[in-house]
Amino acid sequence: MNTAIELKNIKKAYGDKVILEGFCLSVARGEFVTIIGSSGCGKTTVLKMINGLIKPTSGDVFVDGENIRSKNIIQLRRNIGYAIQGSVLFPHMTVGQNISYVPNLLNKRDRARTRSAVSKWMGIVGLDEELKDRYPSELSGGQQQRVGIARALAASPDILLMDEPFGAVDEITRSQLQTELRQIYEKTGITVLFVTHDISEALKLGTKVLVMDQGIIQQYARPDELMRKPATDFVKQLVQL
Ligand SMILES: Nc1ncnc2c1ncn2[C@@H]1O[C@H](COP(=O)(O)OP(=O)(O)O)[C@@H](O)[C@H]1O
Ligand SMILES: [Mg+2]
């Protein structure tokens, strides 16, 4: 099985407003797919259908070759990390408690194992260990974002979904986070789906770029192909910006 994620003939409507129709996407294992498109075109909807937060009106989603309709939703989400823009940390928990939330559920009694997972992931995302006992409100935006990523990764998921995760941080922090994420990806071989509204970020990070407009896939190709042979005017305008 080389396909990590497959969306087959998806339709999604809210009331009578159709967001996606005939939407098909196949993501190979170990791919880093960046998703870019106009606001409201359905990017977040696509991401949330993969971890079952949103159900398609019709069509099927397969993760690791299995239709998620027949999968236990808790099991499914354990294997899929999810990081979104801004701070979504538990405000009443320390950094360490936030990061160890899922490993704790998994390791139950093995506290040493959880502790070492926390320091490992703090190190990987570039967080000083002394921040472990702080609360989210005592951190900068960039630090909070790093904790969010560490928390998403600490469960060792095979798939990482990221929805504009670096949207709310300054340029320098963003560039550091991009480098760190790319290194994590290269080290772990995890499959990543990463939504962004920044074309340079999409081209820099992705092994493949998915361009969407009005619920339609404009192009799904490697960054260099996208630059060389934009498939539609929409893509052409995007890469010329
Ligand atoms: N729960 C909902 N009820 C009604 N409309 C929704 C709901 N969630 C999203 N939408 C609409 O669906 C469209 C796609 O949303 P979304 O996937 O969040 O877009 P994107 O992430 O690309 O900006 C938007 O027009 C949005 O307003
Ligand atoms: Mg969105």
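Caption draft 1: Region of the structure containing unusual backbone geometry. Of note in the backbone geometry, N9 takes a positive phi value of approximately 50° without being a glycine. Among the structural elements, N9 can be located in strand 1 (residues 3-14). The residue D64 is not glycine, and still its phi comes out positive at about 50°. Note that D64 resides in the loop between strand 4 (58-63) and strand 5 (66-67). Using a relative accessible area of 27% as the deciding quantity, one classes D64 as partly exposed.

Caption draft 2: Region of interest: the site of ligand 1. Around ligand 1, the structure places Y14, K17, I19, S39, G40, C41, G42, K43, T44 and T45. K17 places a polar side-chain atom, nitrogen or oxygen, 2.9 Å from an oxygen atom of ligand 1. Within the backbone of G40, one N or O atom sits 2.7 Å away from an oxygen atom of ligand 1. For ligand 1, whose unbound accessible area comes to 570 Å², protein coverage reaches 59%. With three residues, helix 1 (residues 43-50) is the single largest residue contributor to the shell around ligand 1.

Caption draft 3: Examining the environment of T114 more closely. In this structure, T114 sits in helix 5 (residues 111-124). Residues T114 and L177, spaced 63 residues apart in sequence, show a C-alpha to C-alpha distance of 24 Å.

Caption draft 4: Examining the pattern of salt bridges more closely. Taken as a whole, this structure holds 10 salt bridges when the rule is applied. Across the pair D133 and K132 runs a salt bridge, and its minimum N-O distance is 4.0 Å. Its relative accessible area of 57% is what places D133 among the exposed residues. By relative accessible area, which is 27% here, K132 ends up partly exposed. Residues joined in a network through salt bridges with shared partners are R222, D224, E225 and R228.

Conventions adopted
- Residues numbered from 1 in each chain as written.
- Chains lettered and ligands numbered in written order.
- Predicted model: local features only at pLDDT ≥ 70, side-chain atom pairs only at ≥ 80, totals over all residues.
- Heavy atoms only, no water.
- Helix = DSSP H or I, 4+ residues; strand = E, 2+ residues; numbered from the N terminus.
- Buried < 20%, exposed > 50% of the residue type's maximum accessible area, 1.4 Å probe, protein only.
- Near = heavy atom within 4 Å.
- Polar contact = N/O pair within 3.5 Å; in protein donor to acceptor, adjacent residues only side chain to side chain.
- Areas by Shrake-Rupley, 256 points an atom, 1.4 Å probe, with all protein chains shown as cover.
- Salt bridge = Lys/Arg side-chain N within 4 Å of Asp/Glu carboxyl O.

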